[in-house]
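Structure at a glance
Now for the letters of each chain:
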2 protein chains.
Amino acid sequence: MDSRIITISREIGSGGHTIGRLAAERLGIPCYDQELIEKVAQESGLSQEYILEKGEDTPRTGLLTGTLFYDRSYSGFSVQDMLWEAQKKVILDLAGKGPSVIVGRCGDYILQGKADLLRVFVFAAPELRAQRLRETYGESEKNAIRRVEEKDKRRRAFYRLYTDIEWGETRNYDLTLNSGTLGIEECVNILCGAYRKE
Amino acid sequence: MDSRIITISREIGSGGHTIGRLAAERLGIPCYDQELIEKVAQESGLSQEYILEKGEDTPRTGLLTGTLFYDRSYSGFSVQDMLWEAQKKVILDLAGKGPSVIVGRCGDYILQGKADLLRVFVFAAPELRAQRLRETYGESEKNAIRRVEEKDKRRRAFYRLYTDIEWGETRNYDLTLNSGTLGIEECVNILCGAYRKE
């Protein structure tokens with residue numbers, strides 16, 4: 001397997017998903033998002049809602065959530081562990097089909113050493129992301145800020161739990177893009193240029 | 001002052017300086033490096049060698065070097081503090097002249113809120129940087145690795161001492177570029193594209 005694949009890791013509200021979709025369209029390659037969820041649902045038997053909620057973030061509640069002290073050995077092989085294994089299998093299968101864009105779900109970690117990756121992290125200032133959530137998804141001001149903060153924390157914790165990658169740390173990527181200052185369109189341009197370099 | 005200015009912060013051996021120079025050439029704007037050093041020498045009365053060695057890295061020796069516990073109040077206003085003030089003045093003057101590329105010397109921190117910045121961080125895996133130092137500057141293998149490690153530490157410490165920016169941390173930049181995986185030429189392309197976006 002040596003397809004050139006863009007993996008996009010992104011902060012909620014940064015537009016990383018949109019950037020991935022637009023870049024894939026322009027490059028004429030698939031962007032796996034809904035199809036990925038559907039395949040993981042088939043593979044795991046879990047609902048698409050559960051996968052969307054738990055597939056890349058630690059659970060919302062629980063005393064130990066989001067801390068370094070969370071230890072899976074307390075509860076053995078959990079439903080989340082099963083979901084992780086199913087996601088891993090589906091992402092490896094999809095990557096084997098040829099060039100594509102894979103948004104989120106630890107694609108960068110799962111595919112390392114197994115494909116020719118362009119590993120991208122998209123981020124923006126929290127207040128800009130909250131604004132985007134309000135404008136795009138109609139969230140209230142208070143909810144949007146809380147959602148940004150909580151999601152960041154849960155996603156970072158998920159990466160700590162299942163990977164050896166520190167989420168959002170410069171040196172784990174080929175490219176990090178501040179979509180808040182560069183703009184969505186310029187991020188797409190940069191991504192397409194960097195992908196085509198060979 | 002609202003010139004569009006590229007500030008490049010870079011790890012030693014990453015090619016960040018070369019990327020800045022090539023991008024400036026292609027954009028038809030000045031890249032301040034040698035001229036900056038000369039002006040700081042005039043402003044401060046210090047030698048160019050001293051400025052090259054101490055203008056963006058903490059000193060090589062000393063028990064407290066590179067730690068969070070270094071406290072300038074122990075020694076009052078040091079020669080390095082004087083150099084910092086001179087560099088700040090020169091960088092602000094140069095930025096006032098129009099669009100340019102400024103490599104290193106905390107340009108990103110000094111110019112924040114004072115110019116229309118494209119803040120870039122260029123990095124690469126330590127072994128690739130050591131290899132570049134060997135090939136470009138004829139360093140021995142052992143020396144090259146040691147120099148990379150030491151310089152990273154001293155530059156990070158300098159940023160901690162004089163700025164509120166954590167050097168190399170994703171969220172302090174508009175763009176971070178892994179020159180080791182992207183290649184020098186592609187980094188120049190990305191930089192020029194992102195600069196022209198307006």
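Residues numbered from 1 in each chain as written. Chains lettered and ligands numbered in written order. Predicted model: local features only at pLDDT ≥ 70, side-chain atom pairs only at ≥ 80, totals over all residues. Heavy atoms only, no water.

Quick notes on the packing of helix α6 (residues 126-137) of chain A against helix α7 (residues 141-162) of chain A
All names here are of chain A. The following threshold applies: Lines fitted to C-alpha atoms define the axes, with helix axes restricted to the stretch in contact, and inter-axis angles between N-to-C directions lie between 0 and 180 degrees. What counts as a helix is a DSSP run of H or I of at least four residues, what counts as a strand is a run of E of at least two, and both are numbered from the N terminus. An angle below 35 degrees is read as roughly parallel, one above 145 as roughly antiparallel, one from 65 to 115 as roughly perpendicular, and any other as oblique. With the far helix as reference, a near helix turned anticlockwise by less than a right angle produces a left-handed crossing, and one turned clockwise produces a right-handed crossing. In this analysis, two residues are considered to be in contact whenever any of their non-hydrogen atoms come within 4.5 Å of each other. Three classes are used, and their members are as follows: Ala, Val, Leu, Ile, Met, Phe, Trp, Tyr, Cys and Pro are nonpolar, Asp, Glu, Lys and Arg are charged, and the others, Gly among them, are polar.
Contact pair α6 / α7: the axes reach a minimum separation of 8 Å and the direction vectors enclose 125°. With respect to each other, α6 and α7 are oriented oblique. Here α6 runs over α7; the crossing is right-handed. Residue-level contacts link Pro126, Arg129, Ala130, Leu133 and Arg134 of α6 to Glu141, Ala144, Ile145, Arg147, Val148 and Asp152 of α7. Partitioned by chemical class, the residues of the contact of α6 with α7 number 6 nonpolar, no polar and 5 charged.

A word on the pairing of strand β1 (residues 4-10) of chain B
Residue and element names in this part refer to chain B. Which entries qualify depends on this criterion: Accessible area is worked out with a 1.4 Å probe on protein chains only. A residue is then buried under 20% of its type maximum, exposed over 50%, and partly exposed in between. DSSP bridges decide pairing: two strands pair if at least two such bridges lie between them.
For β1, the tally of buried residues reaches 7 of 7 residues, placing the bulk of the element in the interior. Here 7 bridges tie β1 to strand β4 (residues 116-123), and the two strands are oriented parallel to one another. Bridging from a neighbouring strand, arginine 10 pairs with valine 122 of β4. Looking at chain direction, β1 and strand β3 (residues 100-103) are connected through 4 bridges and run parallel. Paired with isoleucine 6 across the bridge in β3 is valine 101.

Examining the relation of the copies chain A and chain B
Using the following cut-off: In superposing the copies, a least-squares fit is computed on C-alpha atoms, taking residues whose pLDDT is at least 70 in both.
Take chain A, turn it by 180°, move it 0.0 Å along the axis, and it overlays chain B with an RMSD of 0.0 Å. Both copies of the chain, as the preceding transformation shows, are related through a two-fold rotation axis. Comparing interface residues between copies, 100% of those in chain A also sit at the interface in chain B, which points to an isologous, same-surface contact.

Concerning the packing of aromatic side chains
Residue and element names in this part refer to chain A. Rules: Aromatic pairing here means that ring centres of Phe, Tyr or Trp (its six-membered ring) are within 6.5 Å. Orientation follows from the plane angle: under 30 degrees is stacked, over 60 is edge-to-face, and everything else is tilted.
Applying the stated criterion across every chain, the model contains 14 aromatic pairs over all chains. Consider the rings of tryptophan 84 and tyrosine 109, whose centres lie 6.3 Å apart with planes at 35°: the pair is tilted. With tryptophan 84 in helix α4 (residues 79-96) and tyrosine 109 in helix α5 (residues 107-110), this pair connects stretches of sequence that are 25 residues apart. You can call tryptophan 84 buried: its relative accessible area is 5%. On the basis of relative accessibility, which here comes to 23%, the residue tyrosine 109 falls in the partly exposed class. Judged by centre distance (6.1 Å) and plane angle (65°), the ring pair of tryptophan 84 and phenylalanine 158 falls under edge-to-face. Here the residue tryptophan 84 occupies a position in helix α4, and phenylalanine 158 occupies one in helix α7, the gap between them amounting to 74 residues.

Quick notes on the environment of B:Glu43
Residue and element names in this part refer to chain B. Summarising the element assignment, glutamate 43 is placed in helix α2 (residues 34-44). Residue glutamate 43 is classed as partly exposed on the basis of its relative accessible area of 40%. Sequence separation between glutamate 43 and leucine 83 is 40 residues; the distance between their C-alpha atoms is 8.9 Å. Residues within four places of glutamate 43 in sequence aside, it is in contact with Ala86, Lys89 and Val90.

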